[in-house]
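Spelled out from the first residue to the last, the chains are:
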Amino acid sequence: QTSSFDMSGSASALASMWKTRALHCHGLRRHYSMHSVSTHHLRIPRQRQLAKCNAAVVPNSSGGPTLNVEKEKNSTQQLDDDDELRNNTNVADVLVSCPDQKGVIAALAQLFYGYGCNIISSDQHTTSHDDGNVPMFYQRITVDLSELHQGRDTSALETAIDATASRFNMNWQMHKRSEKKRVAILVSKVDHCLWDLLIRHANGELDCEIALVASNHLEPGRHIAEKFHVPFHHIPISPNDSNGDLGAAKEKQEKAMRRLLNDAQVDCVVLARYMQVMSEEFCEEWAGKCINIHHSFLPAFEGARPYHRAHTRGVKLIGATAHYVSSELDAGPIIVQDVAHVSHRDDVSDLKRKGRDLERYCLARALRLHVDNRLLLHGNKTIVY
C-alpha cells in the first residue's frame, strides 16, 4: 500500500475513498468498544487492534493527502504478554505433561472456569511417534486468579488439579508470578556472563531474585557482586586442607556449595562460566534447575581451547549453547543455541569476542525462559514456549 496520493485528475474518487475509509475505521472503533470482552480473549491489546484505524489525512508537499498510520512499533503500550503480566500478582503459569489423549484440554479449561479463573493464554505441543515412544502432550497455561472463588488461597484449586492429573497420568506445576524464583550465579575467573546477567537483572529484564553469587575464586566475583549489592560467597578448592588430595578437595568444596544453595533456598543455579565439573549427585539434585553455558556450538570443539581449534579448522560459523546440566558433561537438554559468521579475516581474538557475545545472549535468554516458566523437559530435549 502506498502512503501518499496525487489528487490531480481523481479528486472526487479519492475523496470518496477517504470518506469510506474513515467510516470503516469509525465502525471498527465502535465495534471494539462494544466488544471489549472478545478482544481480551484474542490476546491482542485493544491499542493494537485500533492501530490500523488511527489514520489521519494530512497534506503532503504536493498538496495531496498523505495517509499517516500509527505504526505498531512506535506504540509504547504494546508489550509482550509476559511484560504486560509481570507485575500482576494474581497470575500463575501452569505447566502440564502427560501421555497424549482426548479430553485433557477440555478438562483443564472446565476446571479453571469452575473455580473462577480466566485463561489468559495457552500453548500446547504433542510429540510424534517418530521416536518409537508414546506421544506426549505438553501445555503451558497462564491463568488470572484475581476472581478465584477461594480468594488468594489456591489450595482447593491445586487439589482439583491433582484430581484431574490422576485421571490423565499427568505431571503438573503451578508457578505464581508473585513468587519470584531465587537464582544463584556461580562463576570462576571469566566474568562477562556475570556482568551481563546482573546488568539485565538491574534493568528489570529478568523476573527473578538474585539470591547470591558464589565462586571458587575470590575475584572478580566479589568485586562485581558488591557493585550490584548481591551477597557473595567465596568457597575455594583447598587441596592443603585435604592432605594434598585435589579430588577430595573438590568433593569437599562442592558439598559446601550444595549446602549454601540449599540454605539460601535457591530455586535455580546458573553456571556463568563456572569452570568446575559438577558431580553426578549435584546434577541429579539440580536436574532441570541448573543452567550452563558452553563456549561452542555443541557438539563441535568440546573441551579446552575451542576457539583456537575452530580457527585452525577454518570454520565459518562459531556458536554457543545454553543447556541444563546432566551427569554427562555438556550433554544436557539444550535450551538456546546461536551462531555467528566467521571470515578468513577473523583471528582467534575475533572469534573469542564473537563467542563472548553469543554466550551472553544465550545464557540470558535461557535464564529468562526458565524464570518465565516457558520450559518443559521431554527426555533429553526441551519444549520451549
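Here the residue index of a chain counts from 1 through its sequence in written order. In keeping with the predicted nature of the model, local features appear solely for residues at pLDDT of at least 70, side-chain atom pairs appear and are counted solely at 80 or more, and the whole-chain, interface and lining totals rest on all residues. The side-chain numbers reported here are obtained from all heavy atoms of the structure, hydrogens and water having been left aside.

Colleague: Residues and numbers for the pattern of salt bridges, please.
Modeller: Any Lys or Arg side-chain nitrogen located within 4 Å of an Asp or Glu carboxyl oxygen qualifies as a salt bridge. In the structure shown here, the tally under the stated rule is 14 salt bridges. One salt bridge connects R200 with D196, and the closest N-O pair in it is separated by 2.7 Å. In this pair, R200 and D196 are both assigned in helix 7 (residues 192-202), four residues apart and thus about one turn of the helix distant. Each member of the salt-bridge network shares a partner with another, and the members are D93, R140 and R177. Only DSSP runs of H or I with at least four residues qualify as helices, and only runs of E with at least two residues qualify as strands; both kinds are numbered from the N terminus onward.

Colleague: Which residues make up the environment of D100, and what are the values?
Modeller: Looking at the element boundaries, D100 is found in the loop between strand 3 (91-99) and helix 5 (104-114). The contact definition used throughout considers only heavy atoms, calling two residues in contact when any of these lie within 4.5 Å. Sequence-distant contacts of D100, defined by excluding residues within four places in its chain, comprise T126, P135, M136 and F137.

Colleague: Residues and numbers for the sheet that holds strand 13 (residues 334-341), please.
Modeller: Hydrogen bonds along the backbone pair up the strands of a sheet, which may run parallel or antiparallel. A sheet is described by the order of its strands in space; here seven strands give the open sequence 9-8-7-10-11-12-13, paired in mixed fashion. Pairing within the sheet leaves two strands with one partner each, and these edge strands are strand 9 (232-234) and strand 13. Between one strand axis and the next, the sheet turns through 20° on average, direction left out of account. Two elements, strand 11 (residues 290-294) and strand 12 (residues 317-324), share four bridges in a ladder whose sense is antiparallel. Residue pairing across strands places I293 opposite A322, the latter belonging to strand 12. Against the sheet, helix 12 (residues 348-371) engages strand 7 (181-187), strand 8 (208-215), strand 10 (268-271), strand 11, strand 12 and strand 13, with an angle of about 155° to strand 13. Criterion used throughout: strands pair if DSSP finds at least two bridges between them. Every angle, taken between N-to-C directions, lies between 0 and 180 degrees, and every axis is a line fitted to C-alpha atoms, over only the stretch in contact when it is a helix.

Colleague: Describe the pairing of strand 14 (residues 375-378), with residues and values.
Modeller: Taken together, the four bridges between strand 14 and strand 15 (residues 381-384) define a ladder with antiparallel strand orientation. Of the residues in strand 15, the one forming a bridge with L377 is T382. Between strand 14 and strand 15, which pair antiparallel one after the other, the connecting turn spans two residues, and G379 there sits at a positive phi close to 65°.

Colleague: With reference to specific residues and values, describe unusual backbone geometry.
Modeller: Backbone torsion omega between E219 and P220 reads 5°, so that peptide bond is classified as cis. Along the chain, P220 falls in the loop between strand 8 and helix 8 (221-227). In this structure, N169 is a non-glycine residue whose phi angle is positive, near 55°. Looking at the secondary structure, you find N169 in the loop between helix 6 (155-168) and strand 6 (171-176). Here the term buried applies to any residue with accessible area under 20% of the maximum for its type, exposed to any over 50%, and partly exposed to those in between, with areas from a 1.4 Å probe on protein chains only. For N169, a relative accessible area of 59% translates into the label exposed. Of note, R273 is a non-glycine position whose phi angle comes to about 60°, a positive value. Topologically, R273 is positioned in the loop between strand 10 and helix 10 (280-285).

Colleague: Kindly report on the side chain of S188, identifying the contributing residues and their values.
Modeller: By secondary structure assignment, the location of S188 is in the loop between strand 7 and helix 7. The exposure class assigned to S188 is buried, which follows from its relative accessible area of 4%. Here N216 takes part through its side chain, which lies 3.0 Å from a polar atom of the side chain of S188. Here a polar contact is taken to be a pair of N or O atoms separated by no more than 3.5 Å, where protein atoms must pair a possible hydrogen donor with a possible acceptor and residues adjacent in sequence count only if both atoms sit in side chains. One polar contact links the side chain of S188 to the main-chain amide nitrogen of M275, over a distance of 3.0 Å. With residues up to four places along the chain from it excluded, the contact list for S188 reads S215, N216, H217, E219, P220, R273, Y274 and M275.

Colleague: Let's hear about the packing of helix 7 against helix 12: which residues, and what values?
Modeller: Helices that pack against each other are described as a pair by the angle of their axes relative to one another and the distance between those axes. Look at helix 7 against helix 12: their axes get within 9 Å of each other, and the N-to-C directions meet at 45°. With respect to helix 12, the axis of helix 7 lies oblique. Crossing geometry of helix 7 relative to helix 12 is assigned as right-handed. Contact with helix 7, carried on its side by H192, C193, D196, L197 and R200, involves R356, E359, R360, L363, A364 and L367 of helix 12 and no other residues of that element. When the residues that make up the contact of helix 7 with helix 12 are grouped by side-chain class, the tally is five nonpolar, one polar and five charged. Just so you know how the angles are binned, under 35 degrees is roughly parallel, over 145 roughly antiparallel, 65 to 115 roughly perpendicular, and the rest oblique. Each crossing gets its hand from how the near helix is turned against the far one by less than a right angle, where anticlockwise is left-handed and clockwise is right-handed. Under the grouping applied here, Gly and all other residues not named as nonpolar or charged are polar, the nonpolar ones being Ala, Val, Leu, Ile, Met, Phe, Trp, Tyr, Cys and Pro and the charged ones Asp, Glu, Lys and Arg.

Colleague: So what's going on with helix 12? Which residues, and what values?
Modeller: The terminal C-alpha atoms of helix 12 lie 34 Å apart, and with 24 residues this matches the ideal 34 Å at 1.5 Å per residue to within 8%. Positive backbone phi, at 60°, marks N373, one or two positions downstream of helix 12. Any helix carries an expected span of 1.5 Å times its number of residues minus one.

Colleague: Tell me about the sheet that holds strand 3, residues and numbers included.
Modeller: Sheet architecture is open: four strands sit in the order 4-5-3-6, paired in antiparallel fashion. What marks the edges here is a single partner per strand, and that holds for strand 4 (118-126) and strand 6. Geometrically, the sheet is characterised by an average inter-axis angle of 15° between neighbouring strands, direction not taken into account. By the bridge criterion, nine bridges tie strand 3 to strand 5 (residues 136-144) in an arrangement that is antiparallel. If you follow D93 over to strand 5, its bridge partner there is T142. The strands touched by helix 5 within the sheet are strand 3, strand 4 and strand 5, with strand 5 carrying the most contacts at an inclination of about 20°. Packed onto the sheet, helix 6 meets strand 3 and strand 6 and runs at close to 155° relative to strand 6.

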